Amino acid sequence: HAAAILTLNSLPGAQIIDLMMLVIDVTKGMQMQSAECLVIGQIACQKMVVVLNKIDLLPEGKRQSAIEKMTKKMQKTLENTKFSGCPIVAVAAKPGGPEAPESENPLGVSELIEVLKSQAYLPSRDPSGPFLMAVDHCFSIKGQGTVMTGTILSGSVSLGDNVEIPALKVTKKVKSMQMFHTPVTYAMQGDRVGICVTQFDPKLLERGLICTPESLHTIHAAIISLKKIQYFRGALHTKAKFHITVGHETVMGRVMFFSPAPADFNEEIPENVFDFEKDYLYQEEYLSKDSNSSEEKKGNDQAGEVQVPRQQWALLEFEKPVTCPKLCLVIGSKLDTDIHANTCRLAFHGVLLQGMEDKNYTETFLPKLKVYKLKHKEGQVERV
C-alpha cells in the first residue's frame with residue numbers, strides 16, 4: 001500500500017496515492033506548506049492520517065493539554081474537507097532532534113503504526129492497458145546493468161518486455177526485476193519495482209516515465225478541464241503564466257480560459273471528453289463567484305452575482321514539450337511566490353483532455369477549436 005508524505009515535489013506520484021500522512025509540527029500547527037499538501041491530498045487521494053510530530057518539545061506538565069488543543073484545531077480545519085473525522089496521532093519521531101543519541105526511543109510511533117494498519121485497505125488494481133511507470137531513481141550496478149526504481153501507474157510488465165524511455169526516445173529490454181529485494185518475473189499497477197536494463201547511462205534519467213513503446217506522446221499544448229483552488233488568492237487571468245505539473249514534470253505554461261456559451265452555462269457536460277463541434281466563449285479570466293467581471297455581466301444577473309458555468313476549460317501552451325498520458329492530473333501553481341508569504345501557491349487543478357503533438361499546432365490544430373469573443377463598439381450620434 002502506497003502511503004505518502006506529500007510535498008510539491010511528489011505531485012507526479014499523486015496519481016497512485018492510496019493513503020496520505022500529513023505531518024504537522026505540534027508547536028507550530030498548520031503552516032502554508034502543510035495547507036498546500038492538504039490541497040494536493042484533496043485532489044489526489046481519498047484517505048488521510050494526521051501526525052502531530054515533535055511532542056517532546058512540549059513541557060511534560062502541559063503536554064497532554066497542548067496535544068488536545070492542537071487535535072481540536074486540526075479537526076476544525078478538516079471539518080469542511082473530504083478528510084473530516086480522520087485519525088490524528090501525536091508522536092515524537094526523534095526525541096531530542098537529529099543530534100540525540102540513538103538510544104532515545106520514539107514516542108507514539110507504535111500507536112501510529114497501528115492506526116496505519118487499521119486504515120490500510122486493498123486498492124483495486126488493473127493490469128490491462130499500456131504499461132506506465134513513474135521512475136524516481138536510476139542507478140547502475142556493476143556487472144548487472146542500470147536499475148530504474150519506481151511505481152507502476154498503469155498496466156503491467158514482464159521479464160523480456162521492451163520498455164520505452166519516451167523523453168529520450170530510447171527502447172530497452174527488461175533484463176531482470178525486483179520487488180523489495182526479491183526477484184520477480186511480473187509486476188502490475190500499484191507495485192513498487194526495480195527494473196534492470198543494459199547499456200543505458202543512469203545519468204540520462206533521474207526521474208521520469210517509462211512505458212510500453214509508442215504508448216505515450218510528447219505534446220506542445222493541451223486542452224484541459226479545470227477548477228480553481230479555493231484557497232488561491234486573486235484572479236486567474238488569460239495569458240498568465242503558471243508552473244504546470246503534468247505527468248511527471250513541471251514546466252512553465254501560458255493559459256487561455258474559455259467556457260460554454262452563456263445559454264449552456266448550466267448544461268451537464270460529460271466528464272473527460274471535449275466536444276470540438278461546439279462553440280465556446282473566450283474569457284479574460286477564469287469565472288468564479290469572486291471574479292471581478294465587467295459591469296455588463298453583472299447587469300445580466302439581477303442579484304449582481306457573476307454567473308458561473310458548471311464547467312470551464314483552458315488552452316495550455318507549454319514553454320517546452322512534455323511527455324504524459326491522456327486524462328492525467330494537471331495542477332497549475334505559482335511556485336515563484338515566497339513560501340513565507342502565507343498564501344497558497346496552488347492555483348487550479350484539472351484533467352488533460354486533448355494533447356497537441358504537432359509543433360505547428362497553431363496552424364494545424366487550433367482552427368478546430370471554436371472560441372469566440374463578444375465585442376461591442378460605442379459611438380455618438382452626431383446629427384439626426
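Quick caveat, the model's predicted, so the values are computed rather than measured. (Residues numbered from 1 in each chain as written. Predicted model: local features only at pLDDT ≥ 70, side-chain atom pairs only at ≥ 80, totals over all residues. Heavy atoms only, no water.)

A.B. asks: Looking at this model, I keep getting lost on the nonpolar core. Mind explaining?
C.D. replies: In this structure, Val 246, Phe 318, Phe 348 and Leu 352 are the most contacted members of the largest nonpolar core, which totals 24 residues. Where this core is concerned, the elements lending two or more residues are strand S15 (217-228), strand S16 (241-246), strand S17 (249-260), strand S19 (312-324) and strand S21 (346-356). Take this core: its biggest share by element is five residues, from S19. Excluding anything up to four places from it in sequence, Phe 318 contacts Ile 219, His 220, Ala 221, Ala 222, Ile 244, Val 246, Val 251, Met 252 and Gly 253. Ile 17, Met 20, Ile 24 and Cys 86 belong to the second-largest nonpolar core, a separate cluster that totals 20 residues. (Core = buried A, V, L, I, M, F, W, Y, C linked by side-chain atoms within 4.5 Å. Buried < 20%, exposed > 50% of the residue type's maximum accessible area, 1.4 Å probe, protein only. Helix = DSSP H or I, 4+ residues; strand = E, 2+ residues; numbered from the N terminus. Contact = heavy atoms within 4.5 Å.)

A.B. asks: Explain helix H1 (residues 32-44) here, please?
C.D. replies: Helical periodicity: at 3.6 residues per turn, an α-helix aligns residues three or four positions apart in one direction. For H1, spanning 13 residues, the distance from its first C-alpha to its last is 18 Å, which sits close to the expected 18 Å at 1.5 Å a residue. Turning to H1, its buried residues are Met 32, Ser 34, Glu 36, Cys 37, Leu 38, Val 39, Ile 40, Gly 41 and Ala 44. Next to the buried residues of H1 lie strand S2 (19-25), strand S3 (48-53), helix H2 (60-78) and S21. (Expected span 1.5 Å × (residues − 1).)

A.B. asks: Mind showing me how you'd approach the pattern of salt bridges here?
C.D. replies: When charged atoms on two side chains of opposite charge get close, those side chains can pair. Enumeration over the complete set of coordinates arrives at eleven salt bridges. With a shortest N-O distance of 3.0 Å, Glu 102 and Lys 94 are connected by a salt bridge. (Salt bridge = Lys/Arg side-chain N within 4 Å of Asp/Glu carboxyl O.)

A.B. asks: What is the right way to look at the side chain of Thr 71 in this model?
C.D. replies: Positionally, Thr 71 belongs in helix H2. Residue contacts for Thr 71: discarding those within four places in its chain leaves Leu 52 and Ile 88.

A.B. asks: Would you mind showing me how to read unusual backbone geometry here?
C.D. replies: Generally, phi is negative for residues other than glycine and the peptide bonds are trans, each holding for most cases. For His 181, which is not a glycine, the phi torsion comes out positive at approximately 65°. Relative to the elements of secondary structure, His 181 occurs in the loop between strand S10 (176-179) and strand S11 (182-184). Among the residues examined, His 181 registers a relative accessible area of 75% and is labelled exposed. With a phi close to 75°, Lys 239 is a non-glycine residue in the positive phi region. Mapping Lys 239 onto the fold places it in the loop between S15 and S16. A relative accessible area of 59% places Lys 239 in the exposed class.

A.B. asks: Explain the domain arrangement of the protein chain to me, please; I cannot follow it from the model alone.
C.D. replies: A common measure of how large an interface is: the accessible area buried when the components associate. For the protein chain, the assigned domains are domain 1 (3-119), domain 2 (132-211) and domain 3 (217-288 + 308-372). When each unit is reduced to the centre of its C-alpha atoms, the spacing between domain 1 and domain 3 is 32 Å. (Domains from an automatic or database assignment.)

A.B. asks: Looking at this structure, I do not really get the side chain of Thr 149. What am I missing?
C.D. replies: Summarising the element assignment, Thr 149 is placed in strand S6 (residues 145-154). Residues within four places of Thr 149 in sequence aside, it is in contact with Met 133, Ala 134, Val 135, Asp 136, His 137, Phe 139, Arg 192, Val 193 and Gly 194.

A.B. asks: Help me understand the state of the cysteines in this model?
C.D. replies: Formally, a disulfide is one covalent bond, and it connects the sulfur atom of one cysteine to the sulfur atom of another. The final tally for this structure, using the stated rule, is zero disulfides. For Cys 37, which is in no disulfide, the shortest distance to another cysteine sulfur is to Cys 344 and amounts to 10 Å. Given a relative accessible area of 10%, Cys 37 falls into the buried group. For Cys 45, which is in no disulfide, the shortest distance to another cysteine sulfur is to Cys 86 and amounts to 10 Å. (Disulfide = S-S within 2.5 Å.)

A.B. asks: Looking at this structure, I do not really get the packing of aromatic side chains. What am I missing?
C.D. replies: Aromatic rings considered in pairs are described by the distance between their centres and by the relative angle of their planes. Overall, the coordinates contain ten aromatic pairs when judged by the stated rule. Look at Phe 258 and Trp 313: their rings are 6.0 Å apart centre to centre, the planes differ by 20°, and that puts the pair in the stacked class. Of the two residues, Phe 258 sits in strand S17 while Trp 313 sits in strand S19, which places them 55 residues apart along the sequence. Across this residue pair, the class does not change: Phe 258 and Trp 313 are buried. Centroid distance Phe 276 to Phe 365: 5.6 Å. Interplanar angle 85°. Geometry classified as edge-to-face. Highlighted residues: Phe 276 in the loop between S17 and strand S18 (280-283) and Phe 365 in the loop between helix H5 (361-364) and strand S22 (371-372), separated in sequence by 89 residues. (Phe/Tyr/Trp six-rings, centres within 6.5 Å; stacked < 30°, edge-to-face > 60°.)

A.B. asks: Hey, could you run me through the pairing of S6 in this one?
C.D. replies: Regular strands place side chains that alternate from one sheet face to the opposite one. In terms of residue burial, S6 counts as a mostly covered element, since nine of its ten residues are buried. As paired elements, strand S5 (residues 132-141) and S6 share nine bridges and run antiparallel to each other. Within S6, the residue paired with Ile 141 across the bridge is Gly 145. Counting the residues between successive antiparallel strands, the hairpin from S5 to S6 contains three residues, one of them, Gly 143, with a positive phi of roughly 80°. (Pairing = 2+ DSSP bridges.)

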